[in-house]
Amino acid sequence: MALQGPIPVSFDQVFPHGCYVVGEVEPVKDFDASTNGRFVQSRDKQSGELVWQVAVMDADPTVKPGQKTVAVKILAPLQPVPPAPMPGLPFTPVEFDHLTVTPYVNGTGRLAYSIKVRAMRAPRTGTGPARNTATPAKDVA
């Protein structure tokens, strides 16, 4: 089979109505390597990059309330910084670059998807050519 591992997709395929940051960017725990009192951050199996996670709310009005918030994993050497909040909005709009999805069967036996990205940034505006406005990461050491 030609498809092996994470499947590359566009932001618009996953979030056609956009999405909003509703949580903090946090390191993902490596449960196998961590011990009592010793936190070890997870690394991506393919790239070796550190794995971070942020909760986002899908802006699609047809999504059921219990499925609106999803976790997006960000692969980056340093902790990514969400875009600046926009005045007048209760949540910060965000877009992601270099998305992949990995389908899996969750604990309830339903099909689910793990979403991984390489960059987080403010949404593009206007109809001009795409700009590379990836948000730089910050050092948390």
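Residues numbered from 1 in each chain as written. Predicted model: local features only at pLDDT ≥ 70, side-chain atom pairs only at ≥ 80, totals over all residues. Heavy atoms only, no water.

Visitor: Just give me the short version of unusual backbone geometry, but keep the residues and values in it.
Guide: If a residue is not glycine, its phi is most likely negative; likewise, a peptide bond is most likely trans. Backbone geometry places histidine 98, a non-glycine residue, at a positive phi of 60°. Considering the arrangement of structural elements, one finds histidine 98 in the loop between β7 (92–97) and β8 (99–105). (Helix = DSSP H or I, 4+ residues; strand = E, 2+ residues; numbered from the N terminus.)

Visitor: Account for the pattern of salt bridges, naming residues and giving values.
Guide: Under the defined criterion, the tally for this structure stands at 4 salt bridges. For glutamate 49, the salt bridge goes to arginine 118, with nearest N and O atoms at 3.9 Å. In this pair, glutamate 49 sits in the loop between β3 (26–27) and β4 (51–58) while arginine 118 sits in the loop between β9 (111–117) and β10 (119–121), placing the two residues 69 residues apart along the sequence. Residue classification places glutamate 49 among the partly exposed positions, given a relative accessible area of 23%. As a salt-bridge pair, aspartate 97 and arginine 121 come within 2.9 Å of each other at their nearest N and O atoms. Pair noted here: aspartate 97 is in strand β7 and arginine 121 is in strand β10, with a separation of 24 residues, a long-range link. A residue is classified by how much of its surface remains accessible, and arginine 121, at 1% relative accessible area, is buried. Residues joined in a network through salt bridges with shared partners are Glu95, Asp97 and Arg121. (Salt bridge = Lys/Arg side-chain N within 4 Å of Asp/Glu carboxyl O. Buried < 20%, exposed > 50% of the residue type's maximum accessible area, 1.4 Å probe, protein only.)

Visitor: Account for the packing of aromatic side chains, with residues named and values stated.
Guide: One pass over the structure, following the stated rule, counts 2 aromatic pairs. On the numbers, 5.6 Å between centres and 40° between planes, the contact of phenylalanine 11 with phenylalanine 15 is tilted. With respect to burial, phenylalanine 11 and phenylalanine 15 carry one shared label: buried. Owing to a relative accessible area of 9%, phenylalanine 11 belongs among the buried residues under this scheme. Each member of the aromatic cluster is reached from another via a ring pair, and the members are Phe11, Phe15 and Phe96. (Phe/Tyr/Trp six-rings, centres within 6.5 Å; stacked < 30°, edge-to-face > 60°.)

Visitor: Tell me about the environment of valine 54, and name the residues and values.
Guide: Within the secondary structure layout, valine 54 lies in strand β4. You can call valine 54 buried: its relative accessible area is 1%. Distance from valine 54 to proline 80, taken between C-alpha atoms, is 9.5 Å for residues 26 residues apart in sequence. The contact partners of valine 54, leaving out residues within four places of it in the chain, are Val21, Gly23, Glu24, Val25, Val70, Ala71, Val72, Ile74 and Phe96. (Contact = heavy atoms within 4.5 Å.)

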